[in-house]
Amino acid sequence: MLIHVIINGEKKKLHCQPDDMLLYVLRDAGYKSVKCGCDTTNCGLCTVWLDDVPVLSCSVPAARCNNRSVTTLEGVQDEVDIIGRFLVEEGGEQCGFCSPGLIMNVIAMKKEFRANGNLHPTDDEIKHFLAGNLCRCTGYMSQMRAIRKYVETEVN
């Protein structure tokens, strides 16, 4: 089947089977930042935005994305550069496999907090928002320091 999707602001026509998950359709289309870490919706690595809302692309049938907007890490590069710098400075990038999904959720979290007037979220609020993002390398403390710095920046 043919679906029409706006990916990172560009109109695309993608072929997929009715049961194909968005994760694999995006990867086949060249969006390699979208990764599979579990195939069970437990790790957060495959996070993309569907109509600006974070979703796990391993659980979203691609057919449901017809005439909708999808944003991948490639579509938010300016913000990626900012948070990526903080992750490197704090030692939070390690192997980097989890970084794309984490970064997509961190950017969405900052936007949501700001939209609700929460310019200084607590560590518990940040942890709650990011509870679905798993990392095997960092122990989370270095990531948390980087996220705290990013959330406090005035950019965005």
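Everything quoted here is computed from the prediction, not taken from an experiment.

Take the packing of aromatic side chains next. The tally for this structure, following the rule as stated, stands at 1 aromatic pair. The positively charged end of Lys110 is found above the aromatic ring belonging to Tyr150, 4.3 Å away from the centroid.

Glancing now at the pairing of strand β4 (residues 53-56). In the sheet, strand β3 (residues 47-50) pairs with β4 via 4 bridges, with the strands oriented antiparallel. Its bridge partner being in β4, Leu50 is matched across the sheet by Val53. Following β3, the chain reverses through 2 residues before pairing antiparallel with β4; Asp51 in that reversal takes a positive phi of roughly 50 degrees.

Alternating positions in strand β1 (residues 2-7) separate cleanly, Ile3, Val5 and Ile7 being buried on one face and Leu2, His4 and Ile6 remaining unburied on the opposite face. Relative to strand β2 (residues 10-15), β1 is paired through 6 bridges, and the arrangement is antiparallel. Directly across from Ile6, in β2, lies its bridge partner Lys11. As consecutive antiparallel partners, β1 and β2 are separated by 2 residues, and within that stretch Asn8 has a phi angle of approximately 50 degrees, a positive value. In this structure, β1 lies alongside strand β5 (residues 68-71), joined through 3 bridges in parallel fashion. By the bridge assignment for β5, Ile7 is matched with Val70.

In this structure, Asp52 sits in the loop between β3 and β4. Since its relative accessible area comes to 59%, Asp52 is described here as exposed. Expressed as a C-alpha distance, the spacing of Asp52 and Cys38, which sit 14 residues apart in the sequence, is 23 Å.

The biggest cluster of nonpolar side chains holds 23 residues, and the ones touching the most others in it are Ile103, Val106, Met109, Ile126, Leu130, Ile147 and Tyr150. Going through the elements one at a time, α2 (77-89), α3 (99-115) and α5 (141-152) are the ones with two or more residues in this core. Of the residues forming this core, the biggest block, 8 residues, is contributed by α3. Apart from residues lying up to four places away in sequence, Ile103 is in contact with Leu73, Val80, Ile83 and Leu87. If you look at the next biggest cluster of nonpolar residues, it comprises 20 residues, including Cys16, Leu23, Tyr31 and Cys46.

On to α5, then. The terminal C-alpha atoms of α5 lie 17 Å apart, and with 12 residues this matches the ideal 16 Å at 1.5 Å per residue to within 8%. Restricting attention to buried positions, one finds in α5 the residues Ser142, Gln143, Met144, Ala146, Ile147, Tyr150 and Val151.

This part is about α3. In this model, α3 (17 residues) spans 24 Å end to end at C-alpha, consistent with the 24 Å of a helix rising 1.5 Å per residue. Here α3 lies mainly inside the structure; 13 of its 17 residues are buried. Two residues or fewer past α3, Gly117 is found with a positive phi of approximately 80 degrees.

About the cut-offs
Residues numbered from 1 in each chain as written. Predicted model: local features only at pLDDT ≥ 70, side-chain atom pairs only at ≥ 80, totals over all residues. Heavy atoms only, no water. Phe/Tyr/Trp six-rings, centres within 6.5 Å; stacked < 30°, edge-to-face > 60°. Lys NZ or Arg CZ within 6 Å of the ring centre and 35° of its normal. Pairing = 2+ DSSP bridges. Helix = DSSP H or I, 4+ residues; strand = E, 2+ residues; numbered from the N terminus. Buried < 20%, exposed > 50% of the residue type's maximum accessible area, 1.4 Å probe, protein only. Core = buried A, V, L, I, M, F, W, Y, C linked by side-chain atoms within 4.5 Å. Contact = heavy atoms within 4.5 Å. Expected span 1.5 Å × (residues − 1).

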